[in-house]
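Okay, here's what each chain looks like letter by letter:
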Amino acid sequence: MRFLSALFTLALLLVVAGGIAIVTLFSHYGKDLPDYSYLKDYQPPTLSRIYADDGRMMATIAEEQRVFVPIKAIPKRVIEAFLSAEDQDFYHHNGVDYSGIARAIFINLQNLGRDRHPMGASTITQQVAKNMLLTNEVSIERKIKEAILATRLEKVLSKDRILEIYLNEIFLGNRSYGVAAAALNYFNKSLDELTVAEAAYLAALPKAPNSYNPVRDHEAAVARRNWVIERMEMNGYITHDEEQTAQKEPLEMHPRGEAEVVTADYFSEEVRRLAVEKFGEEEVLDGGLAIKTSLDPRLQEIATKALRNGLISFDRRERGWRGPVTRMTSFSDWQKQLKRIAIPPGGEEWELAVVTGLTNTEAQIGLADDKRGSIPWSEMKWARRELPDDQFGPAIKRPVDVLAMGDVIMVESVKAGEDGKAYPANSYTLRQVPVVQGALVALDPNTGRVFAVNGGFSSHISQFDRATQAMRQPGSSFKPFVYMAALDKGFTPSSLIMDAPFEYVQGPGLPLWRPENYDGDYLGATPLRVGIEKSRNVMTVRLANAIGMPTVVEYAKKFGIADDMPELLSFSLGAKETTPLRMATAYGMIVNGGKKISPSFIDRVQDRDGKTIWRADQRDCKDCQTIGWLADAFSPDVPDTREQIEDPRTAYQMVSIMTGVVQRGTAARLHDVGFPLAGKTGTTNDSKDAWFIGFTPDLVAAVYVGFDDPKPLGSHETGASVAVPIFREFITEAMKDKPAVPFRQPPGLRMVRINPATGALASLGDKISIWEAYIPDTEPQDGQVRSILDGVKGAASEDAAAAFSTPGVGIGTEAVNPTVSGGSSPVPNPDTLQRLVPPSPSPTKSDTSTMGTGGLY
């Protein structure tokens with residue numbers, strides 16, 4: 001009896017001592033613990049998403065790929081899977097599961113020597129404490145602090161709140177933070193679409209997400225998933241039959257498909273930059289913003305394809321074959337060798353192949369997965385070897401002159417040749433990434449909403465966006481703004497401008513400047529309209545000299561082409577650098593009737609709670625919330641707040657003139673598109689930059705092509721030969737099945753039938769006549785052409801009329817921006833040379849007292 005009493009006393013002392021030790025331990029480690037009160041209102045960092053106009057996602061912006069989902073929206077099946085895997089007694093303990101610790105110790109002792117997963121003892125609350133408040137240090141001290149914080153968290157947070165934080169914070173591999181992001185990244189599903197097996201797999205990941213990759217660690221991943229399914233059945237969450245079915249389900253990843261995600265890398269990057277500029281980097285990375293953009297996925301796809309095809313076509317025409325990706329020295333296990341070779345940046349849409357045989361008519365190739373095919377001679381006859389300094393190797397006559405056995409090359413499947421003749425099955429064309437670059441941007445001229453942006457051949461080569469960032473000379477595509485300024489100063493589309501050689505006095509100590517036309521000829525007295533249609537360089541300079549360069553600079557600023565510009569005559573020919581986006585926007589302000597617009601990529605932005613915090617359209621619309629039957633018959637009155645920066649009559653005159661560029665001028669290869677179209681080509685010195693900006697009444701697109709390190713595209717390459725074909729492919733697809741809408745004519749114009757070659761009233765004998773738009777009382781009279789200069793009636797020269805009416809003459813030619821220096825052009829005959837000096841102030845359209853009725857300049 002005395003022994004039992006002593007034993008009881010000893011046990012009591014041990015318990016008291018243990019209790020004191022535990023209290024002391026908790027008191028010691030409970031000091032200076034992190035503040036956990038912020039978790040009451042904690043919102044985890046959430047990715048921001050960028051959406052296209054049709055609602056499809058384009059990209060995400062985040063440091064951690066996380067989609068926050070409230071606990072009430074998380075399906076019961078997902079919660080049960082995680083509770084079974086991580087903390088089956090979560091809703092019954094106070095943060096530390098002492099019985100769970102004992103059970104884990106017991107089960108792990110039983111499983112010694114067996115191939116079973118060790119059972120953990122950390123509760124979900126403890127994991128939240130560790131992930132949110134502590135470090136991942138492996139130590140007893142951290143475990144004690146973790147337990148203390150877990151018990152405290154349970155006192156201030158509800159169980160559902162703790163579980164909500166856990167399920168949205170936990171890292172599950174594959175760049176996924178939280179269960180919603182993991183469901184998308186692993187299975188391309190929302191949480192409510194997950195099967196039992198898929199939910200169990202996600203619940204299997206928290207312990208070691210990088211050890212259970214479904215592709216790389218497939219067997220281990222399946223075993224871990226099946227263990228979770230077994231636990232779900234043991235806990236009564238699923239039946240035995242459901243367990244068996246789920247364990248037999250294959251484990252397969254299903255990345256997001258193209259139908260769900262719109263690929264528009266350059267557009268997305270511009271949106272990201274604008275969002276960071278507007279809201280700050282932290283808010284964009286962690287704020288869970290929903291950014292709705294103006295991108296039209298259909299037009300973006302068309303723009304990408306058109307630009308890529310155009311750059312490939314130019315590369316084949318003007319460059320040459322730069323050789324294979326690499327070469328195999330042995331065909332032993334060539335399939336495995338091929339799979340280990342990385343495809344060069346820019347070639348992501350093509351396949352790698354190895355040359356396995358050569359005949360006189362084709363190259364035989366092997367592709368990954370043991371596919372076989374051939375490249376017909378017609379698909380490689382362009383591939384003359386490119387040498388340094390823009391030189392080329394010898395002429396090629398057969399496949400062996402291009403390729404060799406073992407060459408690893410890029411190819412693309414092709415069904416027919418350029419002549420339309422069908423190829424045999426498994427035929428391919430030889431591909432290489434172009435060295436030339438370009439851009440295409442399309443927008444709505446009425447609102448400035450950007451529909452598509454492609455800033456280069458591939459963002460995998462460079463993320464530099466040539467549509468929004470590349471500052472290049474626009475060349476002759478700037479001319480419409482010079483001519484529009486002249487129209488505002490009193491000129492008319494029929495005013496005669498002298499297309500003849502001259503030299504310009506630049507100032508004391510500076511050489512004379514002698515500009516010339518692209519083709520070196522001169523047409524004499526020529527209607528103003530023809531100067532745009534045929535892109536006459538000398539006429540443009542004379543016109544700029546007449547109205548004064550300060551006026552030209554004013555128009556460049558007014559239309560947003562440049563923030564500043566030197567008042568030098570050469571800049572009237574497009575010497576001031578700008579971007580394709582700025583040029584597209586400027587042309588949009590012409591076609592919309594002279595209304596000020598700014599390009600916009602983002603329509604609106606919502607915060608993580610769905611509240612709109614910013615929108616591009618800031619106009620008030622009192623009746624836009626009208627609902628019910630009245631909405632079908634009632635159109636709300638939304639005010640037009642756009643600034644009128646140009647006389648709409650002048651803007652329409654320029655639209656009409658630029659339709660002539662398409663019908664008869666430098667872009668005549670577009671004349672048969674089948675719908676109203678206008679635009680202007682542009683080429684700079686030595687053909688370093690090629691442009692075309694074109695438009696319909698509701699769509700404007702700018703195309704630019706050039707080398708990043710500026711150098712000539714080719715001796716005969718112009719905007720007409722390089723940029724126009726790209727624009728044609730884009731616009732014909734963009735307008736497919738769309739109604740042909742005419743350009744909108746404002747009031748206050750008089751339409752007169754004229755001969756466009758002479759500018760005079762049309763007569764019965766004229767081979768061609770068009771409707772020309774005039775400000776009332778400025779149209780031609782009695783067969784003569786009005787001018788503002790000296791009151792002398794004049795007529796177009798025979799050379800001008802001949803160049804206009806002769807088929808092929810002037811078509812496709814381009815005015816090149818001349819160098820501002822002496823001797824840049826051949827010295828003309830001194831007897832015909834005119835010397836110009838800077839002009840005195842010229843009359844305006846409203847200064848009708850100075851207007852004459854004829855004459856030349």
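Residues numbered from 1 in each chain as written. Predicted model: local features only at pLDDT ≥ 70, side-chain atom pairs only at ≥ 80, totals over all residues. Heavy atoms only, no water.

### Points about the confidence of the model for the protein chain
Detailed reading of the predicted model is not advised wherever pLDDT is low.
Argument step 1. When the pLDDT values of the protein chain are averaged, the result is 84; 80% of them are 70 or greater.
Argument step 2. When the criterion is pLDDT under 50, residues 786-793 qualifies, and its contacts beyond four places in sequence or with other chains add up to 36 contacts. (pLDDT = per-residue confidence, 0-100. Contact = heavy atoms within 4.5 Å.)

### Some remarks on the nonpolar core
Argument step 1. Ranked by internal contacts, the top residues of the largest apolar core, which has 131 residues, are F267, I291, F481, F559, L670, F695 and F730.
Argument step 2. Non-local contacts of I291, meaning those with residues more than four positions away in its chain, are made with R49, I50, Y51, I61, V271, A275, I602, R604 and V605. (Core = buried A, V, L, I, M, F, W, Y, C linked by side-chain atoms within 4.5 Å. Buried < 20%, exposed > 50% of the residue type's maximum accessible area, 1.4 Å probe, protein only.)

### Considering the packing of aromatic side chains
Argument step 1. Evaluated as defined, the whole model comprises 18 aromatic pairs.
Argument step 2. Relative to Y587, the ring of F481 lies with its centre 5.7 Å away and its plane at 80°, an arrangement referred to as edge-to-face. Taken together, the residues span a long stretch of sequence, with F481 in helix 15 (residues 479-488) and Y587 in helix 19 (residues 580-591) at a distance of 106 residues.
Argument step 3. Between W691 and Y704, the ring centres sit 5.3 Å apart and the planes meet at 50°, which makes this aromatic pair tilted. Separated by 13 residues along the polypeptide, W691 in strand 20 (residues 689-696) and Y704 in strand 21 (residues 699-706) bring together distant segments of the chain.
Argument step 4. Here the aromatic cluster, defined as three or more aromatic residues joined through ring pairs, consists of F478, F481, Y555, F559, Y587, F695 and F743.
Argument step 5. One cation-aromatic arrangement involves K558 over Y555; the distance from NZ or CZ to the ring centre is 3.9 Å.
Argument step 6. Seen from the ring of F707, K711 lies directly overhead, with NZ or CZ sitting 4.9 Å from the centre. (Phe/Tyr/Trp six-rings, centres within 6.5 Å; stacked < 30°, edge-to-face > 60°. Helix = DSSP H or I, 4+ residues; strand = E, 2+ residues; numbered from the N terminus. Lys NZ or Arg CZ within 6 Å of the ring centre and 35° of its normal.)

### Re the environment of A525
Argument step 1. One can find A525 in strand 16 (residues 524-527).
Argument step 2. On the basis of relative accessibility, which here comes to 5%, the residue A525 falls in the buried class.

### Regarding the pattern of salt bridges
Argument step 1. The tally for this structure, following the rule as stated, stands at 46 salt bridges.
Argument step 2. Note that R466 is salt-bridged to D708, the shortest N-O span being 2.8 Å. On the criterion of sequence distance, the pair formed by R466 in the loop between strand 13 (450-454) and helix 15 and D708 in the loop between strand 21 and helix 22 (719-734) is long-range, its members being 242 residues apart.
Argument step 3. For R466, a relative accessible area of 2% gives the class buried.
Argument step 4. The network of salt bridges with common partners includes D315, R319, R322, E386, D390 and K711. (Salt bridge = Lys/Arg side-chain N within 4 Å of Asp/Glu carboxyl O.)

### Let's talk about helix 8 (residues 196-203)
Argument step 1. Burial analysis of helix 8 places eight of its eight residues in the buried class, the great majority of the element.
Argument step 2. Residues of helix 8 that are buried: V196, A197, E198, A199, A200, Y201, L202 and A203.

### Observations regarding the packing of helix 19 against helix 21 (residues 648-663)
Argument step 1. Where helix 19 contacts helix 21, the two axes come as close as 8 Å, and the packing angle between them is 110°. Here helix 21 runs roughly perpendicular to helix 19, going by the angle between their axes. Contacts between helix 19 and helix 21 involve Y587, I590 and V591 from the first element and A651, M654, V655 and M658 from the second.
Argument step 2. Split into classes, the residues belonging to the contact of helix 19 with helix 21 amount to seven nonpolar, no polar and no charged. (Axes fitted to C-alpha atoms, helices over the stretch in contact; angles between N-to-C directions. Parallel < 35°, antiparallel > 145°, perpendicular 65-115°, else oblique. Nonpolar A, V, L, I, M, F, W, Y, C, P; charged D, E, K, R; others polar.)

### Quick look at the sheet that holds strand 2 (residues 57-61)
Argument step 1. Reading across the sheet, the five strands line up as 2-1-3-17-18 and stay open at both edges, with mixed pairing between neighbours. Pairing within the sheet leaves two strands with one partner each, and these edge strands are strand 2 and strand 18 (612-615). Neighbour-to-neighbour, the strand axes of the sheet open up by a mean angle of 15°, direction not taken into account. (Pairing = 2+ DSSP bridges.)

### Describing the pairing of strand 11 (residues 428-431)
Argument step 1. Here strand 11 shows two buried faces, one formed by Y428 and L430 and the other by T429 and R431.
Argument step 2. For strand 10 (residues 407-413) and strand 11, the ladder comprises four bridges, and the chain directions are antiparallel. Of the residues in strand 11, the one forming a bridge with E412 is T429.

### Description of the environment of A486
Argument step 1. Along the chain, A486 turns up in helix 15.
Argument step 2. When neighbours within four sequence positions are excluded, A486 is seen to be in contact with F491, L543 and I547.

### Details of the sheet that holds strand 20
One key point about sheets: their strands pair by backbone hydrogen bonds, in either a parallel or an antiparallel sense.
Argument step 1. The strand order across the open sheet built from five strands is 13-12-21-20-19, with neighbouring strands paired in antiparallel fashion. In this open sheet, the two strands that pair with only one neighbour each are strand 13 and strand 19 (678-683). The average undirected angle you get between the axes of adjacent strands in this sheet is 5°.
Argument step 2. Pairing between strand 12 (residues 437-443) and strand 21: seven bridges, direction antiparallel. Bridging from a neighbouring strand, L440 pairs with V703 of strand 21.

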